[in-house]
Amino acid sequence: ELPWSEAPNILETAQDLGGAAVLTGWYHPYCRLFRELDACSSYPTRTVGSRGRHTGFWRALLDQQLALIPYVNLRIRQIDIVEEQLADAQRAVTLGDRGLVFLHLIVPHTPWIWDDESDEFTLTRFDHDGYYDNIALMDRVLGDLRGRMEEAGKWDGTSVLFLSDHIMRYRPDYLHEPDDPRIPFILKLPGQRSGTSFDQPLSAMITHDLLEALLRGELKDQEDALAWLSARAGASEIGRAHV
């Protein structure tokens, strides 16, 4: 078996087709695994210890003290990563005219760091409802990224695929709702002005092939995308797409 760093991947495919491959990722060591990218930034998660080489002596000293209060320390680290990653993501979505920009965003992952009422970060949100505030932060982040693309003249001519890497895990008990195995799966094609839902059973495992079809220019419009999805419907993991 090949190591991950040598296995074929969709980023490499984008470059082989004459485009750029840009990645901003969280948690995984993306920049170490994919060495031939045109641009890359990643943010490993640290819950204890300091980052003296990255932040300097005084912040390292503060980190050491905050390690005595792990819940607060974790939230401070999360806010740091969100702010740094958003700045890199804003640059990433405006790079190049052809290729693939992959964003693995930390928001809305735990811990809860956003207070939607006060419209600011928080260190003291611990209940399950905090998930919805983080979702509100995610909405702001996506709106900001779209705005940056529009300013750069890249939104209308770009395909955008939005999805999650896992289901909603923090469903408050008072909702009395069963677990939902679906994830968000929203595709915007170049020039698209209206949308429709695709209600046939669908597995998110088709994402690789869908991205490759988009990179190869095989999906020109909404009808092409719906036909492509229909041909691959009925997989074992049920989902719903919006195109």
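None of the values given here were measured: they were computed from a predicted structure. (Residues numbered from 1 in each chain as written. Predicted model: local features only at pLDDT ≥ 70, side-chain atom pairs only at ≥ 80, totals over all residues. Heavy atoms only, no water.)

Caption draft 1: Here's a closer look at the overall build of the protein. Of regular secondary structure, the protein possesses eight helices and nine strands. For the protein, the residues scored as buried account for 36% of the 243 residues in total. Restricting to contacts in the protein with at least 6 residues of sequence separation, those with at least 24 account for 63%. Surface exposure of the protein reaches about 14,500 Å², of which carbon and sulfur atoms provide 52%. (Helix = DSSP H or I, 4+ residues; strand = E, 2+ residues; numbered from the N terminus. Buried < 20%, exposed > 50% of the residue type's maximum accessible area, 1.4 Å probe, protein only. Contact = heavy atoms within 4.5 Å. Areas by Shrake-Rupley, 256 points an atom, 1.4 Å probe, with all protein chains shown as cover.)

Caption draft 2: Broad picture of the sheet that holds strand β2 (residues 39-43). Spatial ordering of the open sheet is given by β2-β1-β3, a layout of three strands whose pairing is parallel. A single partner strand is all that each edge strand has here, and the edge strands are β2 and β3 (99-103). Averaged over all pairs of adjacent strands, the angle between their axes in this sheet comes to 5°, without regard to strand direction. (Pairing = 2+ DSSP bridges. Axes fitted to C-alpha atoms, helices over the stretch in contact; angles between N-to-C directions.)

Caption draft 3: Focus on the side chain of Gln 192. By the secondary structure assignment, Gln 192 is in the loop between β7 (185-188) and β8 (197-198). A polar contact is formed between the side chain of Gln 192 and the backbone oxygen of Ser 194, at a distance of 2.7 Å. (Polar contact = N/O pair within 3.5 Å; in protein donor to acceptor, adjacent residues only side chain to side chain.)

Caption draft 4: Representation of the confidence of the model for the protein in the model. In the predicted model, the protein carries a mean pLDDT of 86, and 86% of its residues have values of at least 70. No element of the protein has a lower mean pLDDT than helix α3 (residues 52-55), which averages 54, and none a higher one than β3, which averages 97. (pLDDT = per-residue confidence, 0-100.)

Caption draft 5: The nonpolar core, seen in detail. Membership of the largest hydrophobic core comes to 24 residues, with the highest contact counts inside it found for Leu 11, Leu 100, Leu 210, Leu 214 and Trp 228. A per-element tally of this core places helix α7 (residues 207-215) first, with five residues. Formed by 18 residues, the second largest nonpolar core is a distinct cluster that contains Tyr 43, Ile 106, Val 107 and Ile 113. (Core = buried A, V, L, I, M, F, W, Y, C linked by side-chain atoms within 4.5 Å.)

Caption draft 6: Spotlight on the state of the cysteines. Tallying each qualifying case throughout the model produces one disulfide. Disulfide partner of Cys 31: Cys 40, at an S-S distance of 2.1 Å. Around the S-S axis, the bridge from Cys 31 to Cys 40 shows a dihedral of about -95° and counts as left-handed. Here Cys 40 falls in the partly exposed class, since its relative accessible area comes to 31%. (Disulfide = S-S within 2.5 Å.)

Caption draft 7: Representation of helix α8 (residues 222-231) in the model. Among the residues making up α8, those that are buried are Gln 222, Ala 225, Trp 228 and Leu 229. Down the axis, α8 shows its buried residues gathered within 125° of arc, on one side only. Opposite the packed face of α8, turned more than 90 degrees from it, sit the exposed residues Glu 223 and Ala 231. (Arc of directions from axis to C-beta.)

Caption draft 8: Geometry of helix α6 (residues 130-151). In this model α6 runs 32 Å from its N-terminal to its C-terminal C-alpha over 22 residues, within 8% of the 32 Å that 1.5 Å per residue would give. Along α6, the residues classified as buried are Gly 130, Tyr 131, Asp 133, Asn 134, Ala 136, Leu 137, Met 138, Val 141, Leu 145 and Met 149. (Expected span 1.5 Å × (residues − 1).)

Caption draft 9: Quick look at the pattern of salt bridges. Inspection of the entire model under this criterion finds nine salt bridges. Note that Lys 154 and Asp 97 form a salt bridge whose closest N and O atoms lie 2.7 Å from each other. Taken together, the positions of Lys 154 in the loop between α6 and β6 (160-163) and Asp 97 in the loop between α5 (70-92) and β3 put the pair 57 residues apart, joining distant regions of the chain. For Asp 97, a relative accessible area of 78% puts it in the exposed group. Linked through salt bridges whose partners overlap, the residues forming this network are Arg 125, Asp 127 and Asp 133. (Salt bridge = Lys/Arg side-chain N within 4 Å of Asp/Glu carboxyl O.)

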